[in-house]
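Here is how the chains run, residue by residue.
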Amino acid sequence: MTEAPAPDPLELLDVARQAAAAGAAVLAKRSEAGLHVENKGASGDWVTAYDTEAEYAVRDVINRMRPFDAVTGEELEASVPEDPSGIRWSVDPLDGTTNFIRNIPFYATSVAAVNADGEWLAGVVHAPALVRVYWAAKGHGAWLAEHGSLRRLHGPDPDRTGKLLGTGFSYEPEVRTEQYAALADLMDGYADVRRLGSAALDLCMVADGTLDAYVERGLNEHDFAAGALIAEEAGLTVRRPGSPDRKIGRRRAAGSRDHGLAGAARLGRPRHAVCA
């Protein structure tokens, strides 16, 4: 491994912003004729030509600016340099592929950096159709650039009435059945639920206060990597898969009343975003 000073999260953020912008620029060229949709195995788990092209664009930026970093992503094989730096990038070139196919604007390119100790240092979620770029660097807060404006994010108002819970559902029918069964318990303390179809944007929309909490089971790292850091830097409590306090069995969804989101919100504990 290359001996080098620990990178400044703000320097990594600059790379992440440029890389995510490159991926989002690919998505912005969307056309029906160019989709070339294929199914990845589970019903509803799609990939398009844009997913792959966007990941190449993201990796081109990272490889040029940080040639000794490892890269893992949703569509391409992991890339590990011969003399790695200790920084790894987690890339989802198109989070919300089904939305993208159907021309529903909730989709984004997500790029995040983590060090060898598992600390997430920088993350960007760039949503071209929404004209929004969310970003965060560890210790430097979470931010949203939108239509020429910039604001720091502080999460939802804990005293708001009519709270909205964001969530998602598995492509696997048996898991989805369990999720449906757990939904009533999760909804305790919430007025309604939203299922937007992009975990990265769901997390960001808790950070910006649009949603009051988010919970989803069965996510991959690239789905939540950037969004989870953005939520944390906005002051939210985030539980990632594998966190020491996770106690979720096959029949328990994340955020169930005694271990997480719904009970925590009802009792006035810190606001939550749970990725199970």
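Values in this document were obtained by computation on a predicted structure and should not be read as measured data.

Asker: Which residues make up the sheet that holds strand β5 (residues 108-114), and what values go with them?
Answerer: Read across the sheet, 7 strands follow the order β3-β4-β5-β6-β7-β8-β9 without closing on themselves; strand pairing throughout is mixed. On the outer flanks of this sheet lie β3 (70-73) and β9 (149-152), each paired with one strand and no other. For this sheet the average axis-to-axis angle between neighbouring strands, irrespective of direction, equals 15°. Where strand β7 (residues 132-137) lies against strand β8 (residues 142-146), 5 bridges are found, and the strand directions are antiparallel. Bridging from a neighbouring strand, Val133 pairs with Ala145 of β8.

Asker: Can you explain the packing of helix α1 (residues 9-27) against helix α2 (residues 49-65)? Please cite residues and give values.
Answerer: Where α1 contacts α2, the axes come no closer than 8 Å and their chain directions differ by 155°. With respect to α2, the element α1 is oriented roughly antiparallel. In this structure, the crossing between α1 and α2 has a hand that is right-handed. Across from Asp14, Val15, Gln18, Ala19, Ala22, Gly23, Val26 and Leu27 in α1, the residues of α2 making contact are Tyr50, Glu53, Ala54, Ala57, Val58, Val61, Ile62 and Met65. Per-class residue counts for the contact of α1 with α2 are 12 nonpolar, 2 polar and 2 charged.

Asker: Tell me about unusual backbone geometry, residues and numbers included.
Answerer: Glycine aside, the phi torsion of most residues is negative, and most peptide linkages are trans. For Asn103, which is not a glycine, the phi torsion comes out positive at approximately 60°. Tracing the backbone shows Asn103 in the loop between α3 (97-102) and β5. The backbone of Val131 shows a phi angle near 55°, a positive value even though the residue is not glycine. The residue Val131 is located in the loop between β6 (120-127) and β7 in this model.

Cut-offs applied
- Per chain, the residues get numbers from 1 upward, laid out in the order the sequence is written.
- Confidence filtering applies because this is a predicted model: local features only for residues at pLDDT of at least 70, side-chain atom pairs given and counted only at 80 or more, and all residues used for totals across whole chains, interfaces and linings.
- No hydrogens and no water enter the side-chain calculation; it runs on all heavy atoms of the structure.
- Only strands joined by at least two bridges in the DSSP assignment are considered to pair.
- Put simply, DSSP H or I for four residues or longer makes a helix, DSSP E for two residues or longer makes a strand, and each gets a number counted from the N terminus.
- Think of each axis as a best-fit line through the C-alpha atoms, taken over the contacting stretch in the case of a helix, with angles from 0 to 180 degrees between the N-to-C directions.
- Any angle between 65 and 115 degrees counts as roughly perpendicular, while under 35 counts as roughly parallel, over 145 as roughly antiparallel, and the rest as oblique.
- Left-handed describes a crossing in which the near helix is turned anticlockwise from the far one by less than a right angle; the clockwise case is right-handed.
- Note on contacts: a residue pair qualifies if any of its non-hydrogen atoms lie within 4.5 Å across the two residues.
- When residue character is reported, Ala, Val, Leu, Ile, Met, Phe, Trp, Tyr, Cys and Pro are called nonpolar, Asp, Glu, Lys and Arg charged, and the others, Gly included, polar.

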